Every structure is written in structure tokens, then in C-alpha cells.
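# Residue-level structural notes
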Amino acid sequence: MRHYDYIIAGSGLAGLYTAYHAAAYGKVALLTKSGITESNSYFAQGGIAAVTDEDDAPALHFEDTIIAGRGLCDYPAVDILVNEGPQRIHELIEAGMHFDMEDGSLALGLEGGHHRKRILHAGGDATGRMVTSFMISKVINNPKIDIFENHSVIGILQENQECYGVRAWNLVTESEELFYADNTFLTLGGTSAIYKRTTNPHTTIGDGLALAFNAGCEIADMEFIQFHPSAIYTESEEAFLISEAVRGEGAYLIDQNGERFMPAIHELAELAPRDIVAQSIYRQMLKYDQEYVWLSLKHLDPQVVKHRFPNIYEKCQELGIDMCDRIPVAPAAHYMVGGVRTDTHGQTNIKRLFICGELASSGIMGANRLASNSLIECLVFGKRAIEASRKNLKTSPTQVFKPIYHCNDNYAALYVHLKKEISRIMTDYAGIIRNAEKLKQGLNELESLEDNLPREINEYYTLICRNLITVARLIICSALYRQESRGGHFREDYPCSDASYLFHIVQQKEKDLRTLPVNTKKSLN
């Protein structure tokens, strides 16, 4: 029997950071679906938002986050994020992390929705890779952490709303393995790769969301999917992210006539919150019947562009695009704003089960994530969750579970086909602009797909097929219920925001959909 003090499922920044801190208190198993570098965090180009400048303040970061969240942020969670974020950054620097410097001080950038320069970068546009690699170096050299690559978590070991560990599928041996622990952390990321065009790795399809839902966790705010406004357009479905920091440096969005369109739409123009920019680009694409708009950098200093964004510049060159002139861009699914509902210590409604990172819905993001708040969330709430979980160490009763899943390779092709079908359904019926007719059509097609699945409940490929359908249904049902437009959710049949919808939508297995009020008890001094 494999028993650990901590199981951490997922190797993004949230997983690596929690594993690093958990190792100070016990033995850790770190499970990851593919390689340890395959995560949204690793590919994040933007940066980390935290107050480090004397001209800035947590209260200002708080206000920017609340504004971007469109009335659905829970104030206590945001308060924690903006006040504890600077401390976590300071600890990272003390541990040896190097952020970009300018004239002896931290080089701070500006991104959409922020009214102050507070975005820290590392390696220019390689912040995610640099910070994640730094944490990987801390993890792989720690004797208290066992790393299990190619292990996909497929179930929670639980009885009576108490978690005892996880079921994992060894993708090499194609067999189920059981891992037991006093504390289980799911840091499995989002679900944006369920769409056709996405900035995410292909593995980011909502595994953690489905298994948490199947375990009985509360799932909140799934209608809010953030589409990043600027991903390189290619004739293939591959979407390479063009960091918001490029617009922060002064790049313009222009239409097919070479005219800027954002200044007439929002006071922050190209740096408006992402939902507004993505919807504006989408409308321009419809207006001109084009698959993209242009991101123009021709008015910027080419040497500054090449120095500031070396990875993006190299990718553009590879695609035959002159970044110093203009780049064809279109929105792509980027970030799951909702997720598994937790308290401010990462605890779910299941004892000993914690959620951190993009998979969590702690109340920070509201209806729309403020740029670069995601990586700092991993640090702030990852540490809080580890500290809260210490009380569970050496106290879990002994429970014995048996493996229940097997593999039929004949169903592998079925999964590939179904994944492609669901990406079409989600893109066509639950994309940037939605309406009731499309959403209902999407639900009907999901039901048809589910009806045609093999009935082998304990077979690996049918399980992950059902998980995909579960995730898609959670998004569409929530989007259908919210009859208004707010943040990352736009209904063309209800194009305005409605104050009567200022609540969280919560879904739970075998229970009716319900709503919860937003916590606006402000505790800032």
C-alpha cells in the first residue's frame, strides 16, 4: 500500500508550489498526467501580479480585480490575494528566484485591467517557464517528494464525504494504481482544451473538474470561460498565445482597413479587460467575415520588441510573420474562471480534499479573471492550503480500496473521435457569443454522444469519454441558466448585465442547480 502524508495531483505552479511546501511537513507523492513541464503555468507568457512598488497599494490591486470580476468576486478572497501576494513574491526571491530588473529595481509591466504597473516578469515573455522551472528544481531534488509522471488521476478514494487518496491510471502500463494520503490536493488545471482553438496544452480537458464533480464536490461559475483576445491565427487549429504584455507595451489592434477599433469601445482601449477585448475582436471578425484581426507593432521600436518578447518573436519568425510589423490574431479559449468551490484555505466540501490553482473557485476571479492574477493565486492559496491541512497529518483512519478500472484498447479511437466532436460542440454552441437556442442544441448533441457510448462503466476510455461530456455539460448548463451577459459569459439574446443575477451558480452531482450570494464583506483597512 502506497501511503503518503500528501498527494499532489498536477504539476503546474500550484502543484509544484504546494508539493514544495508540503515536503516540510511530510512525505509527498506528486502525480502528473504527462511530463512535469506540461502545464498552463509552464507556458504562461504574461507575468505575476503583485504590489511591489511604493506608488502602488493592495487596495488598488483589489479594486482592479473587483472591477474585472464584474460584481461576482468574493471580497475576502480578493483581500487575501492582494495582501498576501507581495509576501509570497518576497519569499520566492529569497529562495533564489530571479525576476527581471530595470535600473536596480523590479521591472514592472502593465496589462489589461490594471491601473498600475505591477506585473513581474522573468525572462521577458517566459515568466511561466522561468517560475515553473525554478519550482521544478526545488521539487526534483527534494528526497521527500516522489514524482510519478504519466499518472492520470481518475477518481477519489472516499467514504462518507472523507477523502483517503486517489485512483490513478498508469499511462505506461495501462493499469490502475491506488495512492493513499492524509491530505489530497488536486491542482489539475482548467478545461480550455475542450474547445477547438485554445492556448492550453492538449491535456487540459477538465479531468480534475470531472473527478471532483463525480466525487460530490460543489462546482461553481462554469459559464465563465475566458477567451484570450490575442492568439496567433493560423490555418490549423493551433493557437500560440500573444501575451497581453505586448499590448501593454503599446501594440494596437486594427481592423481590415488598418484602423484601431478599441479606443471607441473602452477607456483603456487595447488594455480593457479581456472579455471586452475578445468580444470586440470577435465582432470585428464577423463584420468583415474574416478569421482574424491585426495586432500592429510597426509604430514600436523593433529592438525593444525583440528584447522584450524573444520567444514570441522567434515563434512569429517560425510562422513567417514579422512581429515588428503586424500579427494576425484571434481569440482562443484560455482560462476556466469557475471551478471546484473552496473556502479561503483551499478546502472543499469533502474532508481532506483540497483544490488549488485554476481548478479552484475560491471567489477571486468573479466573472472574469484579471490578467496575471492566476500565478499569484497559486502561490497565495497554495501555501494557505498546506498550512490548513497540517491538522490532518497522522490522523486519517485506515481504509482499504480495490482497483476497479480496466482498459480495452479498442475504445481508444472512440475517445479521439468524441474529443473532436465535443470541441466542435463547445466552439459552435458555447463559445464567445452564446444564445439559448445554441446552448440547448449543444446539450442535445452531448446527450446523443452519451447515449452511444459503450456501457462498460469501469473501462478507462469510456470513463474519460464520460468525463469530457460531464465537463461540457457543466459549462453549458450554467451558461443556459445565466440569462444575462457578464464577464466571460456573453448571451446575444440577453446582451446586458442584470443585477438580479449577482450570484454564483453551483452544480453538484445528483442535486438541483442552486445559487449562492456573493460575499461582499470588505475587510481591507
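Given the structure is predicted, the values throughout are model-derived calculations rather than measurements. (Residues numbered from 1 in each chain as written. Predicted model: local features only at pLDDT ≥ 70, side-chain atom pairs only at ≥ 80, totals over all residues. Heavy atoms only, no water.)

As a further point, take the nonpolar core. Grouped together as the largest cluster of nonpolar side chains are 70 residues, with contacts concentrated most on L31, F179, Y195, L209, I422 and M426. In terms of residue count, the dominant contributor to this core is helix α14 (residues 460-481) (13 residues). Two domains share this core, each providing at least three of its residues, namely domain 1 (2-224 + 337-390) and domain 3 (409-496 + 504-514). If sequence neighbours within four positions are ignored, L31 has contacts with I7, I8, A9, G10, F148, H151, V153, V166, A168 and F179. (Core = buried A, V, L, I, M, F, W, Y, C linked by side-chain atoms within 4.5 Å. Buried < 20%, exposed > 50% of the residue type's maximum accessible area, 1.4 Å probe, protein only. Helix = DSSP H or I, 4+ residues; strand = E, 2+ residues; numbered from the N terminus. Domains from an automatic or database assignment. Contact = heavy atoms within 4.5 Å.)

In this section: the domain arrangement of the protein chain. A common way to state how big an interface is: give the accessible area lost once the parts meet. Split by domain assignment, the protein chain resolves into domain 1 (2-224 + 337-390), domain 2 (233-331) and domain 3 (409-496 + 504-514). Taking the mean C-alpha position of each, domain 1 and domain 2 sit 28 Å from one another. Of the residues lining the interface, 20 residues belong to domain 1; the matching set on domain 2 comes to 27 residues. For D275, the salt bridge identified is with R70, shortest N-O distance 3.1 Å. Inspection of the region where domain 1 meets domain 2 yields six residue pairs in polar contact (both at pLDDT 80 or more). Residue composition of the side of domain 1 that touches domain 2, grouped by class: three nonpolar, ten polar and seven charged. (Salt bridge = Lys/Arg side-chain N within 4 Å of Asp/Glu carboxyl O. Polar contact = N/O pair within 3.5 Å; in protein donor to acceptor, adjacent residues only side chain to side chain. Nonpolar A, V, L, I, M, F, W, Y, C, P; charged D, E, K, R; others polar.)

All right, on to the pattern of salt bridges then. Taken as a whole and assessed by the stated rule, the structure comprises 28 salt bridges. In this structure, R486 engages E484 in a salt bridge whose closest nitrogen and oxygen atoms are separated by 2.7 Å. Residue R486 shares its accessibility class with E484, and that shared class is buried. A cluster of three or more residues bridged by salt bridges with shared partners is formed by E84, R88, E91, K383 and R384.

Turning to the packing of aromatic side chains, a few remarks are in order. Inspection of every chain in the model, using the stated rule, returns 14 aromatic pairs. Ring centres 6.5 Å apart and planes at 85 degrees place the aromatic pair Y4 and F148 in the edge-to-face group. Of the two residues, Y4 sits in strand β1 (residues 3-9) while F148 sits in strand β8 (residues 145-148), which places them 144 residues apart along the sequence. Since its relative accessible area comes to 13%, F148 is described here as buried. Relative to F401, the ring of Y180 lies with its centre 6.3 Å away and its plane at 35 degrees, an arrangement referred to as tilted. Separated by 221 residues along the polypeptide, Y180 in strand β11 (residues 175-186) and F401 in the loop between α11 (373-389) and α12 (412-429) bring together distant segments of the chain. There is no split in this pair, since Y180 and F401 are both buried. Ring pairs connect the aromatic residues Y4, F148 and F179, which therefore count as one cluster. (Phe/Tyr/Trp six-rings, centres within 6.5 Å; stacked < 30°, edge-to-face > 60°.)

Here the focus is the pairing of β11. Along β11, eleven of the twelve residues are buried, which leaves the element largely enclosed by surrounding structure. Pairing of β1 with β11 involves six bridges; the strand directions are parallel. Residue pairing for β11: I8 is matched across the bridge by F185. Inspection of the sheet shows strand β10 (residues 162-170) paired to β11 by six bridges, in the antiparallel sense. Its bridge partner being in β11, A168 is matched across the sheet by E177. Adjacent in sequence and paired antiparallel, β10 and β11 are bridged by four residues, among which E174 carries a positive phi angle near 55 degrees. In this sheet, strand β18 (residues 353-355) lies alongside β11 in parallel orientation, the contact comprising three bridges. (Pairing = 2+ DSSP bridges.)

Running from amino to carboxyl end, helix α6 (residues 207-215) crosses α14 at an angle of 85 degrees, the nearest separation of the two axes being 9 Å. Comparing their axes, α14 and α6 come out roughly perpendicular. Contacts between α6 and α14 involve L209, A210, F213 and N214 on the former and, on the latter, N467, T470, V471 and L474. Here the residues of the contact of α6 with α14 are counted per class, giving five nonpolar, three polar and no charged. (Axes fitted to C-alpha atoms, helices over the stretch in contact; angles between N-to-C directions. Parallel < 35°, antiparallel > 145°, perpendicular 65-115°, else oblique.)

On inspection of all chains with the given rule, the structure shows zero disulfides. The closest cysteine sulfur to the non-disulfide-bonded C217 is located on C163, 8.7 Å from its own sulfur. Its sulfur unpaired, C477 is 18 Å from the next cysteine sulfur, which belongs to C217. Under the relative-accessibility criterion, C477 is labelled partly exposed at 24%. (Disulfide = S-S within 2.5 Å.)

Among the secondary structure elements, L13 is positioned in helix α1 (residues 13-22). Once the C-alpha coordinates of L13 and G357 are considered, the two residues, 344 residues apart in sequence, prove to be 7.8 Å apart.

Let's shift gears to α1. Within α1, nine of the ten residues are buried, which leaves the element mostly enclosed by the surrounding structure. Within the span of α1, buried status applies to L13, A14, G15, L16, Y17, T18, A19, H21 and A22.

The three strands are arranged β3-β7-β6 in an open sheet whose pairing can be described as antiparallel. Every other strand in the sheet has two partners, leaving β3 (48-49) and β6 (108-109) as the edge strands with one partner each. In this sheet, strand β7 (residues 119-120) lies alongside β6 in antiparallel orientation, the contact comprising two bridges. Pairing of G109 across the sheet is with I119, part of β7.

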